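Listed below are the residues making up each chain.
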Amino acid sequence: MTPTTPPEPATKRLSRYFFRGLITFLPLAITVYVLVLFVTWTERTAMQMLRPLTGDFYLPGLGIALGAVLILALGFLMSQRFTGKLLSLIELPFTNLPVVKSIYSSLKNFADYFSPHEQDAQQVVLLKMPGHGLSTVGLVTRQSMKG
């Protein structure tokens, strides 16, 4: 005869199901909420910017279209030689403040990973901790620290 474990109390099972459901629901709900806030903000901002030019005429979705045009214009400007130097001046406070530097450099490295490069210098690497069974995934975003 094999020993059996006593059944789990119903309240403990219900609380476990509740927290699993909550952990599943929260990331989805927060993502949708942030997207709704962003779209609402872009629409409201676009409406305020375009009202003086268009009067009462406004199409829903114009804020997203305006945002896409502004991002394209920024991308074009960043492709020009003189704006790279201007950006480095604008980045200066973000790269010198201790806490801001950590956040900004992490986000910039992540974004740089997805930007097109002339050479395929970016790699995914697995770093193993010596003497431990731990390892972490890293992104090599440049081959040298020059320029």
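Everything discussed here concerns the structure shown above.
Novice: Would you mind showing me how to read the pattern of salt bridges here?
Specialist: Two side chains of opposite charge can pair, provided their charged atoms sit close to one another. A complete count under the given rule lists two salt bridges for this structure. Of the charged contacts, one joins Lys-108 and Glu-91 as a salt bridge, the two residues approaching to 3.6 Å between their closest N and O atoms. Taken together, the positions of Lys-108 in helix α4 (residues 98-114) and Glu-91 in helix α3 (residues 81-96) put the pair 17 residues apart, joining distant regions of the chain.

Novice: Explain a nonpolar patch on the surface to me, please; I cannot follow it from the model alone.
Specialist: Taken together, Phe-25, Leu-26, Ile-30, Tyr-33, Val-34 and Leu-37 make up a surface patch of nonpolar side chains, about 610 Å² in accessible area. With respect to the helices and strands, Leu-37 occurs in helix α1 (residues 10-54).

Novice: Looking at this structure, I do not really get the side chain of Glu-43. What am I missing?
Specialist: Positionally, Glu-43 belongs in helix α1. Summary of buried charges: Glu-43 has no salt-bridge partner, and the nearest side chain of opposite charge, Arg-51, is 9.4 Å away. Within polar-contact distance, the side chain of Glu-43 engages the backbone nitrogen of Ile-64 at 3.4 Å. Those residues in contact with Glu-43 that sit more than four places away from it in its chain are Tyr-58, Leu-59, Pro-60, Gly-61, Leu-62, Gly-63 and Ile-64.

Novice: Any chance you could explain α1 here in plain terms?
Specialist: Each turn of an α-helix holds 3.6 residues, which means side chains three or four residues apart point in the same direction. Here α1 is 45 residues long and its end C-alpha atoms lie 62 Å apart, about the 66 Å a rise of 1.5 Å per residue gives. If you look at α1, its biggest bend is around 30°, right at Gln-48, and the proline Pro-52 turns up within four residues after that. If you check which residues of α1 are buried, you get Thr-42, Glu-43, Ala-46 and Leu-50. In the core, the buried residues of α1 are packed alongside α2 (62-78).

Novice: Help me understand the environment of Val-39 in this model?
Specialist: Within the fold, Val-39 resides in helix α1. Accessibility expressed as a relative area gives 33% for Val-39, which makes it partly exposed. Remark: the alpha-carbon pair of Val-39 and Gly-61, spanning 22 residues in sequence, is separated by 8.6 Å.

Novice: Got a minute to help me understand the packing of aromatic side chains in this structure?
Specialist: Each aromatic ring pair is characterised by the separation of its centres together with the angle its planes make. Tallied over the entire structure, the rule returns three aromatic pairs. Where Phe-18 meets Phe-19, the ring centres are 5.5 Å apart and the plane angle is 80°; that geometry is what we call edge-to-face. Classification of Phe-18 as exposed rests on a relative accessible area of 52%. The exposure class assigned to Phe-19 is partly exposed, which follows from its relative accessible area of 47%.

Novice: Help me out: how do you make sense of the side chain of Glu-91 in this one?
Specialist: On the accessibility criterion, Glu-91 (13% relative accessible area) is buried. Beyond its immediate stretch of four places on either side in the chain, Glu-91 contacts Tyr-104 and Lys-108.

Novice: Is there a simple way to think about the pairing of strand β1 (residues 123-128) in this case?
Specialist: Two faces make up the sheet, and in a regular strand the side chains alternate between them. For β1, the tally of buried residues reaches only zero of six residues, placing the bulk of the element at the surface. Judged from the six bridges that link them, β1 and strand β2 (residues 135-140) form a sheet pairing that is antiparallel. When the bridges of β2 are listed, Gln-123 appears paired with Val-140. The hairpin turn running from β1 into β2, its antiparallel successor, is six residues long, and Gly-131 in that turn takes a positive phi close to 80°.

Novice: In this structure, what is going on with the packing of α1 against α2? I would like to understand it.
Specialist: Two quantities define a packed helix pair, namely the angle between the helix axes and the distance between the axes. Following both chains from N to C, one finds α1 and α2 inclined at 85°, their axes separated by 7 Å at the closest point. Classified by the interaxial angle, the pair formed by α1 and α2 is roughly perpendicular. Along the contact surface, α1 presents Val-39, Thr-42, Glu-43, Ala-46, Met-49 and Leu-50, while α2 presents Leu-62, Gly-63, Ile-64 and Leu-66. Looking at side-chain class alone, the contact of α1 with α2 contains seven nonpolar, two polar and one charged residues.

What counts as what
Residues numbered from 1 in each chain as written. Predicted model: local features only at pLDDT ≥ 70, side-chain atom pairs only at ≥ 80, totals over all residues. Heavy atoms only, no water. Salt bridge = Lys/Arg side-chain N within 4 Å of Asp/Glu carboxyl O. Helix = DSSP H or I, 4+ residues; strand = E, 2+ residues; numbered from the N terminus. Patch = residues over 30% accessible without salt bridge, like charges linked within 9 Å, V, L, I, M, F, W, Y side chains within 5 Å. Areas by Shrake-Rupley, 256 points an atom, 1.4 Å probe, with all protein chains shown as cover. Buried < 20%, exposed > 50% of the residue type's maximum accessible area, 1.4 Å probe, protein only. Lys, Arg positive; Asp, Glu negative; His and termini not counted. Polar contact = N/O pair within 3.5 Å; in protein donor to acceptor, adjacent residues only side chain to side chain. Contact = heavy atoms within 4.5 Å. Expected span 1.5 Å × (residues − 1). Bend = angle between axes of the 7 residues up to and from the residue. Phe/Tyr/Trp six-rings, centres within 6.5 Å; stacked < 30°, edge-to-face > 60°. Pairing = 2+ DSSP bridges. Axes fitted to C-alpha atoms, helices over the stretch in contact; angles between N-to-C directions. Parallel < 35°, antiparallel > 145°, perpendicular 65-115°, else oblique. Nonpolar A, V, L, I, M, F, W, Y, C, P; charged D, E, K, R; others polar.

Take it as geometry only, folks, not as evidence of what the structure does.
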